[in-house]
Amino acid sequence: MTKRTPAYRKLSLFIIALLSLTLVLSACGSNNSGNAANTDSNTTSGSSSTTKEIRIGYQKYGTVNILKAKGTLDKRLEAEGIKITWTEFPGGPQLLEALNVGSIDIGHTGEAPPIFAQAAGAPLVYLAHEPASPSSEGILVPKDSKITSLADLKGKKIALNKGSNVHYLLVKALEQAGVDYNDITTVFLPPGDARVAFENGTVDAWVIWDPFLAAAQTATGAKLLTDGKDLVSNIEYYLASRKFAEGNGPVIAAFKEELDKIDKWAEENQKDVAALLSPQLGIDIPSLELAAGRRGYGLASIDDSIIEAQQKIAETFFNLKLIPNEIQVKDATLK
């Protein structure tokens, strides 16, 4: 047997170590290639409308609510292997917060919530909108209240859902009456809590939208100090997270098509809408018929006039320091 020198043994050990390192690096490279392939596959999947679930946020009232009750979108998407998860929210701000954190994909709100959400960095996009419904929101005072004009709101406590569509109504109503926004005390409460505060006298007035507005009018005899006519448009918007909208075009198209169909049916069958929703919402039929009769119907596309109107609201909120920074509404549209 040949006697190996110390130098020879050192060389052998070096070669073994080098081969081992090469094998490790080769294995790592192979794993990285596999991970890259998986990432590319997921990305492609996300952009080709292969979602198996759509999470829709809805509120107490509106076309989305009717769409859910009728079940037509569920049936259409189920045939394509897509399940809908429906989640109810007390108001638009809460709904868009859920969209911001990724809990839902699509939802609907009034004019103000998307502006507050966009200012907070929410990755939302406008999909479509309903016609103006200025009579569907208003400022209520108790039936025995001494408040008889908007000017009388100075120094009073007013309940509303912060960042909701009625927030803009309050701003414009005070502006018309010559009352500084800082001369009233806002009490931010969701509709259910606000109704309690309104009835027990904790607040002097309540700014609210249908069907809560109609329900309070019929149940308590509350006086309508003003509605949105000649003050605001009160437009309902359909929104989605940008990632979902850009990656699921066919699902978005189906959602809009079914909304349009339900809108046309609801406009022609308002009594049936009230009867359909009453047991689900826990609101009496007369209140729902009142609400159905003063809203607009018909899906419309987002255009320049809509973007300009929303931009005006955004600038108003920024000037009042209600949002922390200026925004460009056009940045929240699909290109």
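Rules and cut-offs
Counting of residues starts from 1 at the beginning of each chain's written sequence and follows it residue by residue. This being a predicted model, a pLDDT of at least 70 is required before a residue's local features are given, and a value of 80 or more before pairs of side-chain atoms are given or counted; all residues contribute to the totals for chains, interfaces and linings. The side-chain values count all of the structure's non-hydrogen atoms but skip hydrogen atoms and water molecules. Only protein atoms enter the 1 Å grid used here, on which a cavity is any set of points holding a 1.4 Å probe that cannot leave and a pocket is any open set flanked by protein within 12 Å on both sides along at least five of seven lines; residues with an atom within 4 Å of a point are listed as lining. Grid points are joined across faces, edges and corners, and a volume is the space filled by probe spheres set on the points. Gly is placed with the polar residues, together with every amino acid not listed as nonpolar (Ala, Val, Leu, Ile, Met, Phe, Trp, Tyr, Cys and Pro) or charged (Asp, Glu, Lys and Arg). In this text, helices come from DSSP runs of H or I with a minimum length of four residues, and strands from runs of E with a minimum of two, each type numbered from the N-terminal end. Only protein chains enter the area calculation, which uses a 1.4 Å probe; residues under 20% of their type maximum are buried, those over 50% are exposed, and those in between are partly exposed. A contact between two residues is defined here by any heavy atoms of the two lying within 4.5 Å. Only centres within 6.5 Å qualify two rings of Phe, Tyr or Trp (six-membered ring in Trp) as a pair; their planes then separate them into stacked at under 30 degrees, edge-to-face at over 60, and tilted for everything else. Our definition puts a charge over a ring when NZ of Lys or CZ of Arg is within 6 Å of the ring centre and also within 35 degrees of the ring normal. Angular values range over 0 to 180 degrees, each being the angle between N-to-C directions of two axes fitted as lines to C-alpha atoms, with helices fitted over their stretch in contact. Working rule for angles: under 35 degrees goes down as roughly parallel, over 145 as roughly antiparallel, 65 to 115 as roughly perpendicular, anything else as oblique. Take the far helix as the reference: if the near one is turned anticlockwise from it by less than a right angle, the crossing is left-handed, and if turned clockwise, right-handed.

1. Some details on empty space enclosed by the protein
Point 1. Taken as a whole, this structure holds one cavity of 30 Å³ or more when the rule is applied.
Point 2. One number sums up the size of the largest cavity: a volume of about 340 Å³.
Point 3. Around the largest cavity, the lining is made up of 24 residues, and of these Y61, N165, W209, D210 and E236 lie nearest the centre.
Point 4. Of the residues assigned to the lining of the largest cavity, the class counts are seven nonpolar, twelve polar and five charged.

2. A word on the side chain of N65
Point 1. On the secondary structure map, N65 appears in helix α2 (residues 63-70).
Point 2. By relative accessible area, which is 3% here, N65 ends up buried.
Point 3. Setting aside chain neighbours within four positions, we find N65 in contact with Y58, Q59, K60, L277 and L281.

3. Regarding unusual backbone geometry
Apart from glycine, the bulk of residues carry a negative phi angle, and the bulk of peptide bonds sit in the trans form.
Point 1. The linkage connecting D210 with the following residue, P211, adopts the cis geometry, with an omega of 10°.
Point 2. Tracing the sequence through the fold places P211 in the loop between β8 (205-209) and α8 (212-220).
Point 3. Here D230, not a glycine, exhibits a phi torsion of approximately 65°, which is positive.
Point 4. When you line up the elements, D230 lands in the loop between β9 (223-227) and β10 (237-241).
Point 5. Judged by relative accessible area, D230 falls into the exposed class, the value being 79%.
Point 6. Unusually for a residue other than glycine, N234 sits at a positive phi of about 60°.

4. Brief notes about the packing of aromatic side chains
Point 1. Applying the stated criterion across every chain, the model contains seven aromatic pairs.
Point 2. A centroid spacing of 5.7 Å and a plane angle of 45° characterise the contact between F198 and W206, whose relative ring orientation is tilted. The two residues F198 and W206 agree in class, both being buried.
Point 3. Clustering of aromatic rings is evident, with ring pairs tying together F116, Y168 and F317.
Point 4. Across the ring face of Y297, the terminal group of R295 is positioned such that the distance to the ring centre comes to 4.4 Å.

5. Describing the environment of S164
Point 1. Along the chain, S164 turns up in the loop between β6 (157-160) and α6 (165-177).
Point 2. Between the alpha carbons of S164 and Q94 there is a distance of 9.3 Å; along the sequence they are 70 residues apart.
Point 3. Contacts of S164, omitting those with residues within four sequence positions, involve P93, A112, P113 and W209.

6. Here we look at the packing of helix α7 (residues 191-199) against α8
Point 1. One way to put it is that α7 packs onto α8 with a least axis distance of 12 Å and a crossing angle of 30°. Comparing the axis directions of α7 and α8 gives the class roughly parallel. Regarding α7 and α8, the two cross each other, and that crossing is right-handed. Of the residues in α8, those touching α7 at P191, R195, F198 and E199 are F212, A215, A216, A219 and T220.
Point 2. Split into classes, the residues belonging to the contact of α7 with α8 amount to six nonpolar, one polar and two charged.

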